[in-house]
Amino acid sequence: MNRKTRTEILIKGPVSVPQKLAREILSRYEVRTIEDANNGLVMIKVREGAKQSLFYIGEVLVTECKVMLNGCLGIGIVKGHEPELAYNLAVIDAAYNAGLAETKAWTSELLLEEERIKKNDQDLTARILKTKVNFTTMDV
């Protein structure tokens, strides 16, 4: 599982999942905080449809944290003001970067969580599509 997919699952899922995984690492290893969770702004780049040119649409508030574990850096960045989640993401990222044995056991748990997220998204889409208006039937 790549870093992007793993982070997406941890952010979209319940907060308890990254808390549990980070706690598992924190109880067994010494984690050194390089940069405390702090807020920042990130420019959002968008591709315009007609000419396919890139431009910045605006800024979004993020919380960023950096930690060190066994000589490996871990970074956690999350949208909004979420210092605890950013820290937990940084610890999990450092654990993966360090190649800790615990991370191998997490794969099945993360895949299960990914399935739950997909099912919730499908349920939401189905509920939304029930309200969709078919404008062709309005012409009588």
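Scoring rules and cut-offs
- Residues numbered from 1 in each chain as written.
- Predicted model: local features only at pLDDT ≥ 70, side-chain atom pairs only at ≥ 80, totals over all residues.
- Heavy atoms only, no water.
- Core = buried A, V, L, I, M, F, W, Y, C linked by side-chain atoms within 4.5 Å.
- Buried < 20%, exposed > 50% of the residue type's maximum accessible area, 1.4 Å probe, protein only.
- Helix = DSSP H or I, 4+ residues; strand = E, 2+ residues; numbered from the N terminus.
- Contact = heavy atoms within 4.5 Å.
- Patch = residues over 30% accessible without salt bridge, like charges linked within 9 Å, V, L, I, M, F, W, Y side chains within 5 Å.
- Areas by Shrake-Rupley, 256 points an atom, 1.4 Å probe, with all protein chains shown as cover.
- Salt bridge = Lys/Arg side-chain N within 4 Å of Asp/Glu carboxyl O.

Visitor: Could you clarify how one ought to interpret the nonpolar core in this entry?
Guide: Here is a general trend for soluble globular proteins: nonpolar side chains tend to be buried in one another's company. Counting 24 residues, the largest nonpolar core has Ile-25 and Trp-106 as its most contacted members. Every element with two or more residues in this core is listed here: helix H1 (3-12), helix H2 (16-28), strand S2 (54-69), helix H3 (83-98) and helix H4 (102-129). Top contributing element to this core by residue count: H3, with 9 residues. Every residue in contact with Ile-25, bar those within four places of it in the chain, is listed here: Val-31, Leu-69, Val-91, Ala-95, Leu-100, Glu-102 and Trp-106.

Visitor: For this particular structure, what's the right way to read the environment of Ile-77?
Guide: Tracing the chain through its elements places Ile-77 in strand S3 (residues 72-79). In this structure, the C-alpha to C-alpha distance between Ile-77 and Val-46, residues 31 residues apart in sequence, is 20 Å. With sequence-adjacent residues up to four places away left out, Ile-77 is seen in contact with Ile-11, Val-62, Thr-63, Glu-64 and Leu-89.

Visitor: What's the story with a nonpolar patch on the surface in this structure? I'm lost.
Guide: Nonpolar side chains collect at one region of the surface, where Ile-34, Leu-73, Ile-75 and Ile-77 lie side by side and expose about 300 Å² of accessible area between them. The dominant element in the nonpolar patch, judged by the number of residues it contributes, is S3, at 3 residues.

Scope: geometric values only; no functional claims are made or implied.
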